Amino acid sequence: MNDDRLPPVAPEVTATLVEDLSPRLRKRLDAAVAKLAARPTHRDGDTTTIEVDDETELRLHAPGGVVAKAEDITCGCLLAPACVHRAAAACAAPTADPAPEPAEQPTSEALEASEAPEALELPETPGPASAADPGTASPPETASPAQRAAADALWAAGAAVLEAGVDGAGAVTQSALLRAAHTARLRHLPRAAGAALAVVTLLRAARAGDPSYRTADLVTALAELLGTARRVGTASGAELAAVRGRARRPYSPDGSLRLYGLFTEPVVTDSGHGGVRTWVAGADGRLFTVGDVAPGGAGRALGVADRAVRLGDSALTHRELGRAGLAVSGATVSPDGRLGAGKGVRAVTARGAAWTEPPLAALWETPPSEQVARALRSTSRYADPDGGGSDLLFLDVELLGAVREPGGACLLALCEGGVRVRLAVADDEPALAHRDNLALLAAAPGARLRIIGRLAPAPHPRLALLACSHPTGEGTIDLGLDRLRRADLPDPAARAHLAPPQPTGSVGQSPLYLLERRVEQTVPAGRAALGMLGDVTAETSRIRRAGLPTAAALLTALCASAGRRDRDLFGRLLPADTDGFAAYWLAAARYTAAVAESLCSAAWDPTT
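All residue numbers here refer to positions counted from 1 along the written sequence of the relevant chain. With pLDDT at 70 or above as the cut-off, local features in this predicted model cover only qualifying residues; side-chain atom pairs require 80 or more to be listed or tallied, and sums for whole chains, interfaces and linings still use all residues. Only hydrogens and water are removed before side-chain values are computed, so all heavy atoms of the structure are retained for them.

Enquirer: Would you take a moment to explain the overall build of the chain for this structure?
Expert: Only DSSP runs of H or I covering at least 4 residues are called helices, and only runs of E covering at least 2 are called strands; the numbering of each starts at the N terminus. Scanning the chain for helices and strands turns up 19 helices and 15 strands. Here the term buried applies to any residue with accessible area under 20% of the maximum for its type, exposed to any over 50%, and partly exposed to those in between, with areas from a 1.4 Å probe on protein chains only. Looking at the 608 residues of the chain, the share that counts as buried comes to 46%. Note on contacts: a residue pair qualifies if any of its non-hydrogen atoms lie within 4.5 Å across the two residues. Across the chain, every contact between residues at least 6 apart in sequence was considered, and the portion connecting residues at least 24 apart equals 66%. Accessible surface is estimated by sampling points in the Shrake-Rupley manner with a 1.4 Å probe; for residues, cover comes only from the protein chains shown. Of the accessible surface of the chain, which amounts to about 29000 Å², a share of 53% is contributed by carbon and sulfur atoms.

The following block contains the structure:
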């Protein structure tokens, strides 16, 4: 049975079914989930049936596509409804996206009032610090007691995952996360709730052996969950609004826009979705995207590129829009720059602009170091949501030649200020043109190109190459869709006077990885695995010699906390300090991310 064949189940439904199990059945839950995964299923309308055995069927009823109530999962076994099968089915199914929140989130005061018993209304009596006094400023808003309690529950659930590791974070541990996420959602903390659901999804992928799972993704999700939960109790005012987050990214009106196409990139996801994203720029330099992504993989991505853009009355295809223009009225835009395609949007084809013409030429006039600073604000692992911005860089480069790396070859180029940047393949999907095009460009050292790439945060300048000017100087190339030919490269005789290929040295590794790997090591095996490392003096000494004393102190404290087990007066071991260990782990995870971003920024600055 593939869990994709099961309808999504609301988080609170899964949590309720697991909480209702007896302690004995909870111990059997993970085995029951694995057993159900091997059983046949079939779907008939809104009902999905799992054959538990030759005589027993389990049904998931999903009106509207989601199992929204515990009663919608029924089992025909003799122990139902108190059997383990219902909970196992919920744990095996994907987690449903939460219902959207109201447009306006209530303030902390409104939340407190709604959670308190009804009280008599008393006449308002102005006091010396009354809000009616224009000279008195009201204190900044803080989280309500209910929100702080919900955040504490999220922290405890996240700390339990760190304690157990992936191997020990089974259905019961995931259920605690789902319950905490549901409560946080009811308390209007969608950002933390979303982080908890992301942790559950990644835990399930890790335990199922999903090839797309990466430990680094779970590290980021756990640190986001713990960090956001901790900030709820201390944030106020605008910071509290950012910590709360929003359930959905709303589209807001943006009036009339004159847009100029930049390029189109294919999008192929690990989940089997495919499509394209076309980037356009406004007259003021703002970047926007028009996308079309749906189930279908690389084949769909290549096909959609030649379909009409879903925006107003435009008949342009995505490929054409990447080189043309649009005049849009009634535009709606999300905080991350996606253009809405609502009924009130009108769009007609207009003249585009070359990359060397205004307003597009201005994108290449910003110094690379400033572009990287902007991109890092967008790509930061723990940036506040709705921050906007883009991770694209616009550079003029001279190609130097290929350089070999452990993961394969990339293209070395020289940009402004003498900074050498490595241009890597944006997507290894064989059906796309990225790798073949990069190999051809590597055969043209000395060629000068105008390029667009996505910043790849690393301690050395690095980009995923997305588009470039045509090597002959005519037009542009979407490197994932258009295929270069050797005839498109400059004549070698014409390049004889250009600089010869430069030597391509290796990139050194910062000892920061010694702390990063301990942070990652905790996630698969839990706190105990880190506690068995023993003496880490050699590692901390190497980190200090590199000028990173804080990293060395964090590594020492993290490993000491992992191995610490106090005893009571009778010599019996006390429970491990899961909260203390989670706090050290969070500090180490956030610190390594911040230093990595700082090293990336410094690498692009020719003055450092």
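Enquirer: I'm lost on the sheet that holds strand β2 (residues 47–51) in this one. Help?
Expert: Consider a sheet: its strands pair through backbone hydrogen bonds, and that pairing is either parallel or antiparallel. Within the open sheet, the 4 strands sit side by side as β1-β2-β3-β4. Their pairing is antiparallel. The outermost strands of the open sheet, each flanked by one partner alone, are β1 (41–44) and β4 (73–75). For this sheet, the mean inter-axis angle between neighbouring strands, taken without regard to orientation, is 20 degrees. Following DSSP output, two strands are said to pair if at least two bridges run between them. Relative to β4, strand β3 (residues 57–61) is paired through 3 bridges, and the arrangement is antiparallel. Directly across from Arg59, in β4, lies its bridge partner Thr74. Set on the sheet, helix α4 (residues 84–92) makes contact with β2, β3 and β4; between it and β4 the angle comes to about 140 degrees. Between N-to-C directions, angles cover 0 to 180 degrees, with each direction set by a line fitted to C-alpha atoms, over the stretch in contact for helices.

Enquirer: Whenever I open this one, the pairing of strand β12 (residues 419–425) confuses me. Can you help?
Expert: Two faces make up the sheet, and in a regular strand the side chains alternate between them. Counting buried residues along β12, 6 of its 7 residues qualify, which places the element largely inside the surrounding structure. Count of turn residues in the strand β11 (residues 408–415)/β12 antiparallel hairpin: 3 residues, of which Gly417 carries a positive phi of about 80 degrees. In terms of strand pairing, β12 meets strand β14 (residues 462–469) through 4 bridges, oriented parallel. The residue of β14 that forms the bridge with Leu423 is Leu463.

Enquirer: Is there a simple way to explain the sheet that holds strand β9 (residues 346–350) in this structure?
Expert: Pairing within the open sheet is antiparallel, and its 5 strands lie in the order β7-β6-β5-β8-β9. The open sheet is flanked by β7 (287–295) and β9, the only strands paired with a single partner. Going across the sheet, the axis of each strand differs from the next one's by a mean of 35 degrees, ignoring polarity. Where strand β6 (residues 273–282) meets β7, 9 bridges bridge the pair, whose relative direction is antiparallel. Directly across from Val280, in β7, lies its bridge partner Phe288. Against the sheet, helix α11 (residues 297–304) makes contact with β5 (252–268), β6 and β7, and its axis sits at roughly 40 degrees relative to β6, the strand it touches most.

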